4 protein chains.
Amino acid sequence: MNEKDEKKAPQTFSVRTDLAIEARELAQKDTTDTLEGVAVETDEQADYSLTHVHILSPEGSARMGKPMGHYITLESEKLKENDADCHEKLIGLLAEQIRSLAKPKREDCILVIGLGNWNITPDALGPKVISKILVTRHLSGTLPAEIEKAVRPVAAVSPGVMGITGIETGEIVKGIVDKLHPSLLIAIDALAARRSNRINAAIQMSDTGVAPGAGVGNRRMLLDEAHLGIPVIAIGVPTVVDAATLVNDTMDCILEEMIRQTEKGTAFYETLADLEQEEKYQMIAEILGPYTGNLFVTPKEVDAVVDRLANIIANSINIALHPGITLEDINKYAW
Amino acid sequence: MNEKDEKKAPQTFSVRTDLAIEARELAQKDTTDTLEGVAVETDEQADYSLTHVHILSPEGSARMGKPMGHYITLESEKLKENDADCHEKLIGLLAEQIRSLAKPKREDCILVIGLGNWNITPDALGPKVISKILVTRHLSGTLPAEIEKAVRPVAAVSPGVMGITGIETGEIVKGIVDKLHPSLLIAIDALAARRSNRINAAIQMSDTGVAPGAGVGNRRMLLDEAHLGIPVIAIGVPTVVDAATLVNDTMDCILEEMIRQTEKGTAFYETLADLEQEEKYQMIAEILGPYTGNLFVTPKEVDAVVDRLANIIANSINIALHPGITLEDINKYAW
Amino acid sequence: MNEKDEKKAPQTFSVRTDLAIEARELAQKDTTDTLEGVAVETDEQADYSLTHVHILSPEGSARMGKPMGHYITLESEKLKENDADCHEKLIGLLAEQIRSLAKPKREDCILVIGLGNWNITPDALGPKVISKILVTRHLSGTLPAEIEKAVRPVAAVSPGVMGITGIETGEIVKGIVDKLHPSLLIAIDALAARRSNRINAAIQMSDTGVAPGAGVGNRRMLLDEAHLGIPVIAIGVPTVVDAATLVNDTMDCILEEMIRQTEKGTAFYETLADLEQEEKYQMIAEILGPYTGNLFVTPKEVDAVVDRLANIIANSINIALHPGITLEDINKYAW
Amino acid sequence: MNEKDEKKAPQTFSVRTDLAIEARELAQKDTTDTLEGVAVETDEQADYSLTHVHILSPEGSARMGKPMGHYITLESEKLKENDADCHEKLIGLLAEQIRSLAKPKREDCILVIGLGNWNITPDALGPKVISKILVTRHLSGTLPAEIEKAVRPVAAVSPGVMGITGIETGEIVKGIVDKLHPSLLIAIDALAARRSNRINAAIQMSDTGVAPGAGVGNRRMLLDEAHLGIPVIAIGVPTVVDAATLVNDTMDCILEEMIRQTEKGTAFYETLADLEQEEKYQMIAEILGPYTGNLFVTPKEVDAVVDRLANIIANSINIALHPGITLEDINKYAW
């Protein structure tokens, strides 16, 4: 999609992505200049890459379509695989990043929230993480001194989705926050990627809160510091690609190929651009049928992979939050 | 157990029951007088019986070990069985009783809470009911006028248990109530009966709130009007008998039989009474081993029966709360 | 895809569909002639359509890429919806079709097999149907005469998939068939459609056995009369579209549009055709990334819809097989 | 229970246990002589004990109420706990015992069967083990030589229970065995203990096959070498105590206490013995009500503990059967 289209796209079809690294790819497509108001650093390693995207100004935010703040994305094909040694390394790395975003003070109570619908496999990441969080808030004062020193007060809730509860998720979370007064919220959610090779192969952490409508579900809440009064760290994994986005990108891909092969300025060159703008959205609707906005693309082993990702994220959080807990302790505990 | 023992029992072992009708059996055991401060009416029918227990005074409450208020118990062997026609009748009856306790006004928003741990089958009744409640609060204002008239705003949440969340259930519920301001809370919970023939064969409704420590779990919250500021209707089903209660009752049963066969005033008659008081608790601990307080008795088909009971209770609530919804509508909806 | 491509397709990419009605659409695309060796009748009704495809000759079979035999497809948007009244009608219709294919004799024992992986939601249709089949084979001789008359001996097994058992599904089924000697096998399976508007909106029944590689899984067994020695009725629902098929069809769709707009014989017209043949497969691989063959498209409510479809199919089978059982009996039983 | 009662017990009530070590306690109760035809050795360690019971003669078998053969029981409170280090040790120990019973030859194919009903938590042990078995039979010939050397052909099936399939479990297993010709069957099942302190704290392995009616279910199959034509190793864990057995043992316990306190030869001493024989069974029925044979005792955390036990058993089998697989490999694989 070129820049001109991008501006018109909202009228017809907009590419769906919850990842800052993909928003940046889209925003920067037609320019080799750096994107104003957006700073990016990438650390490439053999097994993984770690990208920091900083959205620094309102202009950057508008260009990216995402709130100002710090986005960290770990990408690794190993996340999908059964490789305990590599996962152990990634858990350590993630714990470090979570700690750098959260900067938790020693006695602070932290609330972890698992967003999403536990009945829809690729949306169940949040609730699955919650079931593996080492909760300790209720034990405060009852633990032996040695263990008391090793843990901080942590609570964890899966509030469900509006279709199940009849309540905006943001209202439930606000109610619990106002009652418990934690000093930080960590929200876990399943996301939608634009590119299918990122499905289950990336973990995004940010200090910007959770933007509405993420992942598979249709959630409208906005969980951020402005709404809740406490900092919010969001952690998410793209578990799906929106089917309409896939179809749209397929069209773009073939059109670009043709444009590449067509002489600029010819009548046909114009036809190609015109076709794209006038008829693309209608074609998507035709191809996907009545389900359109509701179809997603996911790998068949999504159940097993989401379980594994929930383990990785929960353990990263457990290690990041509890000062004296190691992965070895957790494996013993969680076995 | 005779009255003298009863008074001493708390030091050693106390019979565990969450049912008002069983509390009354225990309280009244040695007297043919009516129990002061407690009024009871029973309506016996072919397929079911319906018992109203009113605890009317602080004395009655102390004798019963339960808060003052109105307890309604439906007993029917049919609750355990696969008999749709009979269940339809019982759903109508329950809906009527719930309405009589709740006295809901037309536009009131009502919050339904499913207590208990979804990971422990006989404790999962509450969460299972929640998944079948017709929630409508989030649709307010978006429905066609005709449907808008048929439903009231209803929300439904399963807050989880403290071991999972690190938060007292009462705190979560209070947080949500303070945010949503419903006019009534309905709390569903699994209970413990004293008698195994009442397992899955009774439904108790009351206007007294939920007393701590019900059912399988170890929950300490108190969900009542004093704590939450709104009326609380509790609905529960005994899904287990505490194993220590079963062992204790077995001992009582055999001791009573022997006392019946022994001449009063003989040395052996005294031995029997002494044995009971001195050694019963120790015997229970010996028989049940290290698990003691943690073992329960439940029928093997508990999973299927709890599903069926959750359906009955959810549909009773759906019909009781929504003015224009019938069981036929629900079957169509829920199929 | 035009005919020329079709012939080359196996080298590069072949459209994936398990539906006879879609195989016929593909086979007939470029001709208005009737397809030789293939007879088709369609009965269009307000709520549904019923299509009979008869593959009558080896030529027809080769053109269709499917074994000779009788394929019946019920299509209805209502299958996805919560409409008990309409489902009741469709269950009656399906039961009739199953009976017409199965022609079961009064005392015959019939074995129902649920194919697919219960851990992968859109592949779990078969196992879910099995859990709702009214099995009676083990009760033979122990039932009251009146009930004995109403039922026939039915057994039901979910053999799992090879990745779970280490055994070809066909071997397990053959072992059970050789031991039980049923007179008919009914196999239930999740299928892949080509068109996303057919997802969860069609039920295909056939007397041809189950062809390999259906649905989400990679199963290689062939369950048919030649292999098992008894007739095999296959019943399936398309629950997914293969993502590569969706991408391929999207490309075709846009290329066709362009070819329509381009003058025949021009250089660019040739470019379009060349592009299609040379680069399409590579583009698919590029767009879908390393997951390619493994990604599927499915609606987010797939869990709930598959449960509903399993109910419809199981009840159709229950009514078709048991001479004296009605839907009313089943609702009572299964409630 | 004294010996005289034991002989009469079958008419009235018989203690339910699937454990050889408990059968021996019952058989030997009133004698200090060694039990003829039964040899017992126990190895007591800090964390566990390992008991070998050899039933050597038909007389021993009759006294024990169990088939002749070798029974190995590992007892450890640690089995219930979250102690990965200790579990690792016990897995090694169990793998060794399984190997000593199975004596598997290098290329033999081995079939693992998970008995029990996956819908009933304490009966789901077998199916849960199956889902964690490293199956390899279908990979034979497709693996790299190095891995091929590390594994043997293993297949694994959960046949379900008769109420679900309509087929005797023994028939399904026989059908699969006759088709696959494995050289050994390993059958996993949930058992019933007599003593509640053994619940989830013991693992019994034997070379005698699986006796009918084990655990929670009512299964009548007999899976042994005589029926199947191949050796059968049974592995089981007591996950429940039959409630009637608990009540009966409670009665015995209190009666014994009284008999101890009563002078032999007095009229009351006789009363006690008479009571026991004439009325015990009726009392059990009275106490347990209509559910009698159907109630079991189980700890509330049964779901989590059964998951953990399934892990321990599956990994013991994986290590015992595959010559080149270690626990480290499995943790990597299964993570």
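Since this is a predicted model, take the numbers as computed values, not measurements.

Rules used in this analysis
Going along each chain's sequence as written, the residues are numbered from 1 onward. Numbering of ligands from 1 and lettering of chains from A proceed in the order in which they are written. Where local features are concerned, this predicted model is filtered to residues with pLDDT of at least 70; where side-chain atom pairs are given and counted, the filter is 80 or more; whole-chain, interface and lining totals use all residues. Excluded from the side-chain calculation are hydrogens and water; included are all heavy atoms of the structure. Helix and strand labels come from DSSP, where a helix needs a run of H or I of at least four residues and a strand needs a run of E of at least two; each type is numbered from the N terminus. Contacts were defined at the residue level, with two residues in contact if any of their heavy atoms lie within 4.5 Å. We get accessible surface area from the Shrake-Rupley algorithm with a probe of 1.4 Å; when it comes to residues, only the shown protein chains can shield them. On a scale of 0 to 100, pLDDT captures the predictor's confidence in every residue. Each axis is a line fitted through C-alpha atoms, and for a helix only the stretch in contact is used; angles between axes span 0 to 180 degrees, taken between their N-to-C directions. Here is the rule for angles: anything less than 35 degrees is roughly parallel, anything more than 145 is roughly antiparallel, 65 through 115 is roughly perpendicular, and the remaining ranges are oblique. Should the near helix be turned anticlockwise from the far one by less than a right angle, the crossing is left-handed, and should it be turned clockwise, the crossing is right-handed. Nonpolar residues are Ala, Val, Leu, Ile, Met, Phe, Trp, Tyr, Cys and Pro. Charged residues are Asp, Glu, Lys and Arg, and all others, Gly as well, are polar. For the least-squares superposition of copies, only C-alpha atoms count, and only for residues with pLDDT at least 70 in both. The cut-offs for exposure are 20% and 50% of the maximum accessible area for each residue type, with area from a 1.4 Å probe on protein chains only; residues under the lower value are buried, those over the upper are exposed, and the others partly exposed. The pairing criterion for strands is at least two bridges between them, as found by DSSP. Take the residue count of a helix, subtract one, and multiply by 1.5 Å to get its expected span. Throughout, the accessible surface (probe 1.4 Å) given up by two parts as they are put together, summed over both, is called the buried area. The term salt bridge refers to a pairing of a side-chain nitrogen on Lys or Arg with a carboxyl oxygen on Asp or Glu at a separation within 4 Å. We define a polar contact as two N or O atoms separated by no more than 3.5 Å, with the added condition that, inside protein, one atom must be a possible hydrogen donor and the other a possible acceptor, whereas residues neighbouring each other in sequence contribute only through side-chain atom pairs.

(A) Quick peek at the overall build of chain A. Along its length, chain A carries 13 helices and nine strands. Within chain A, residue pairs in contact and separated by at least 24 positions form 73% of the contacts whose partners lie at least 6 positions apart. With the model as given, the accessible surface of chain A reaches about 13100 Å², and the carbon-plus-sulfur share is 49%.

(B) Highlighting the confidence of the model for chain A. Residue and element names in this part refer to chain A. Scored by pLDDT, chain A comes out at a mean of 85, with 87% of its residues at no less than 70. Ranking the helices and strands of chain A by mean pLDDT puts strand E7 (residues 202-206) first, with 98, and helix H1 (residues 3-12) last, with 38. Here residues 1-11 is modelled with pLDDT under 50, and outside its nearest four sequence neighbours on either side it reaches 16 contacts, counting other chains as well. Model confidence for the complex: the whole-complex pTM is 0.90, and ipTM, which rates the interface, is 0.87.

(C) Quick peek at the packing of helix H10 (residues 243-261) of chain B against helix H10 (residues 243-261) of chain D. At a minimum axis distance of 9 Å, the contact between H10 of chain B and H10 of chain D shows a crossing angle of 50°. Accordingly, the angle class assigned to the pair H10 of chain B and H10 of chain D is oblique. In this structure, H10 of chain B meets H10 of chain D at a crossing whose hand is right-handed. Each of Leu246, Val247, Thr250, Met251, Ile254, Leu255 and Met258 of chain B in H10 of chain B lies in contact with H10 of chain D, whose residues at this interface are Leu246, Val247, Thr250, Met251, Ile254, Leu255 and Met258 of chain D. In the contact of H10 of chain B with H10 of chain D, the residues fall into twelve nonpolar, two polar and no charged.

(D) Inspection of the relation of the copies chain A and chain C at higher detail. Mapping chain A onto chain C calls for a rotation angle of 180° and an axial translation of 0.1 Å; the resulting RMSD is 0.1 Å. Such a combination of turn and shift is consistent with a two-fold rotation axis. Proximity to the rotation axis, assessed at the C-alpha, singles out Val297 of chain A in chain A; its C-alpha lies 2.2 Å from the axis. Mapped onto chain C, 100% of the interface residues of chain A are again interface residues, and the two copies thus contact each other with one and the same surface.

(E) Looking closely at the pairing of strand E8 (residues 232-242) of chain C. Residues and elements named next belong to chain C. Among the eleven residues that make up E8, eleven are buried, leaving the element largely enclosed by the rest of the structure. In this structure, strand E6 (residues 184-193) lies alongside E8, joined through nine bridges in parallel fashion. Across the sheet, Ala190 pairs through a bridge with Val237, a residue of E8. Where E8 meets strand E9 (residues 295-299), two bridges bridge the pair, whose relative direction is antiparallel. Looking at the pairing, Asp242 lines up with Phe296 of E9.

(F) Up close: helix H12 (residues 302-321) of chain A. An ideal rise of 1.5 Å per residue puts 28 Å on 20 residues; H12 of chain A measures up with 28 Å between its terminal C-alpha atoms. Here H12 of chain A lies mainly inside the structure; 17 of its 20 residues are buried.

(G) Fine view of the pairing of strand E9 (residues 295-299) of chain A. In terms of burial, E9 of chain A is largely enclosed, as five of its five residues are buried. Of the two faces of E9 of chain A, both are covered, the one formed by Leu295, Val297 and Pro299 of chain A as well as the one formed by Phe296 and Thr298 of chain A.

(H) Spotlight on the interface of chain D and chain C. Taken together, the contact pairs 21 residues of chain D with 21 residues of chain C. Contact with chain C buries area across many residues of chain D, yet His138, Glu171 and Lys179 of chain D alone supply 26% of it, more than any other trio. If you look at where chain D meets chain C, you find two salt bridges. The partner of Glu171 of chain C in a salt bridge is Arg137 of chain D, and the shortest N-O contact between them spans 3.0 Å. Counting across the interface, chain D meets chain C through six residue pairs in polar contact (both at pLDDT 80 or more). Within the residue set of the side of chain D that touches chain C, elements represented by two or more residues are strand E5 (154-157), helix H7 (162-165) and helix H8 (169-180) of chain D. A per-element tally of the side of chain D that touches chain C places H8 of chain D first, with seven residues. Of the residues contributing to the side of chain D that touches chain C, the split by class is twelve nonpolar, five polar and four charged.

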